[in-house]
Amino acid sequence: MSYAEVDGLRIWYAEHGAGRPLVLLHGGFGSTEMFAPLLPALAERRRVIAVDLQGHGRTADVDRPLRYESMADDVAALIVHLGLTGVDLLGYSLGGGVALRAAIQHPGLVGRLVLVSAPCRRQGWYPEVLAAMARHDETTGERMRGSPMHQLYTRVAPRPADWPRLWAKSGELLRREYDWSPEVAALTLPTLLVFADADSVTTAHMVEFFGLLGGGHRDAGRDGTDRPAARLAVLPGLTHHDILGSPALPAAVLPFLTHPAVAPG
């Protein structure tokens, strides 16, 4: 467990296991503790580097807005700081957006990409989810005091009083429109999309996202030679909020991280 000074941010990370590096990026208002159910299975086979993003967990906020793009640059700077290349990324929700931007903005640093419950455009969320995101502000943060996520934040954050500030800055981020479809369509690295069958992301967008990555356009053939480089997993009986705790997630992720890469078709 350590800090690294990158791009004016003192970013916190923890390492577990050994092998090819795998960077984990948590969801909004969370921290690396989100991956506690998943970590043992991953660390058995990989050198796992779990990161607390700007303003989250043990990484104190700085005087700049929260943006997927800048947080992606932070992650890339940490990878360079650690002397690594070809790192695999796994991001959940907010962290999935950061991981996707890192792959887009720094393709030479990323080997494989796993995105869990994250869309590639804002309208991929259900309307009621977008409406809830739009209401995130300091007042919402005050109402969340005493919740499990707030209790964790106060336990690990360098400045626990920043809790309302995190909600205000997160709300401003989540109200911003984005559509990364053209950049997603240009990606060539092996990518796994994982969603719950009752996710906060629409099922239509899951298919759309997979299609942008080359999936779902044709039959793979009897021998699988026409299989796309991308993969799609929709895990049954789960939601956006409990997918990280399911044993179905490492069961889907680990084979993807170890299978021979398929050249994009």
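Higher on the page you've got the structure.
This is a predicted model, so every value here is computed, not measured.

*Asks:* Sorry if this is basic, but what is going on with helix α9 (residues 203-212) here?
*Replies:* Along an α-helix, residues three or four positions apart point the same way, because every turn accommodates 3.6 residues. Along α9, the positions that sit buried rather than exposed are His-205, Met-206, Phe-209, Phe-210 and Gly-211. In this fold, the buried residues of α9 make contact with α3 (94-105), β6 (110-116), α8 (181-185), β7 (191-198) and β8 (231-239). Gly-214, located one to two residues past α9, shows a positive phi value of around 100°.

*Asks:* Help me understand the environment of Leu-232 in this model?
*Replies:* When you line up the elements, Leu-232 lands in strand β8. Separated by 56 residues in the primary sequence, Leu-232 and Arg-176 have C-alpha atoms spaced 27 Å apart. Ignoring anything within four residues of it in the chain, the contact list for Leu-232 reads Leu-192, Leu-193, Phe-195, Met-206 and Phe-210.

*Asks:* Please clarify how the pairing of β7 should be interpreted in this entry.
*Replies:* Consecutive side chains along a regular strand alternate between the two faces of the sheet. Among the eight residues in β7, six count as buried, and that is most of the element. In terms of strand pairing, β6 meets β7 through four bridges, oriented parallel. Bridged to Val-116 within β7 is Val-194. The pairing of β7 with β8 spans six bridges and is classified as parallel. Along β8, the bridge assignment pairs Phe-195 with Val-234. Tracing the backbone out of β7, into α9 and back to the parallel element β8 gives a crossover that is right-handed.

*Asks:* Sorry if this is basic, but what is going on with the pattern of salt bridges here?
*Replies:* Two side chains carrying opposite charge are able to pair once their charged atoms lie near each other. Within this structure, the stated rule accounts for 15 salt bridges. The residue Arg-58 makes a salt bridge to Asp-52 at a minimum N-O spacing of 3.3 Å. For Glu-208, the salt bridge goes to Arg-121, with nearest N and O atoms at 3.0 Å. Taken together, the residues span a long stretch of sequence, with Glu-208 in helix α9 and Arg-121 in the loop between β6 and α4 (127-134) at a distance of 87 residues. Exposure remark for Glu-208: the relative accessible area of 30% places this residue in the partly exposed category. Within this structure, Arg-20, Arg-46 and Asp-88 form a network of salt bridges that share partners.

*Asks:* Any chance you could explain the sheet that holds β8 here in plain terms?
*Replies:* Each strand in a sheet pairs with another by means of backbone hydrogen bonds, the pair being arranged parallel or else antiparallel. Strands sit in the order β1-β2-β4-β3-β5-β6-β7-β8 across an open sheet of eight strands; the sheet is mixed. Edge positions in the sheet fall to β1 (2-6) and β8, since each of these pairs with one other strand and no more. Put simply, the sheet's adjacent strands are angled 25° from each other on average, direction ignored. Sheet analysis places strand β2 (residues 9-16) next to strand β4 (residues 47-52), joined by five bridges and oriented antiparallel. When the bridges of β4 are listed, Trp-12 appears paired with Asp-52. Here helix α2 (residues 68-81) sits on the sheet and contacts β1, β2, β3 (21-25), β4 and β5 (87-92); the angle it forms with β1, its principal contact strand, is near 110°.

*Asks:* Is there a simple way to think about α3 in this case?
*Replies:* In this model, α3 (12 residues) spans 17 Å end to end at C-alpha, consistent with the 16 Å of a helix rising 1.5 Å per residue. The buried fraction of α3 amounts to 11 of the 12 residues, a majority that puts the element mostly inside the structure. Along α3, the residues that are buried comprise Leu-94, Gly-95, Gly-96, Gly-97, Val-98, Ala-99, Leu-100, Arg-101, Ala-102, Ala-103 and Ile-104.

*Asks:* I'm lost on the nonpolar core in this one. Help?
*Replies:* What tends to happen in soluble globular proteins is that the nonpolar side chains get buried as a cluster. The biggest cluster of nonpolar side chains holds 59 residues, and the ones touching the most others in it are Leu-89, Leu-100 and Phe-209. If you tally residues by element for this core, the top one is α2, at eight residues. With 26 residues, the next largest nonpolar core counts Leu-24, Leu-42, Leu-254 and Phe-256 among its residues.

Calculation rules
- Residues numbered from 1 in each chain as written.
- Predicted model: local features only at pLDDT ≥ 70, side-chain atom pairs only at ≥ 80, totals over all residues.
- Heavy atoms only, no water.
- Buried < 20%, exposed > 50% of the residue type's maximum accessible area, 1.4 Å probe, protein only.
- Helix = DSSP H or I, 4+ residues; strand = E, 2+ residues; numbered from the N terminus.
- Contact = heavy atoms within 4.5 Å.
- Pairing = 2+ DSSP bridges.
- Right-handed = clockwise from strand over helix to strand, strands pointing away.
- Salt bridge = Lys/Arg side-chain N within 4 Å of Asp/Glu carboxyl O.
- Axes fitted to C-alpha atoms, helices over the stretch in contact; angles between N-to-C directions.
- Expected span 1.5 Å × (residues − 1).
- Core = buried A, V, L, I, M, F, W, Y, C linked by side-chain atoms within 4.5 Å.

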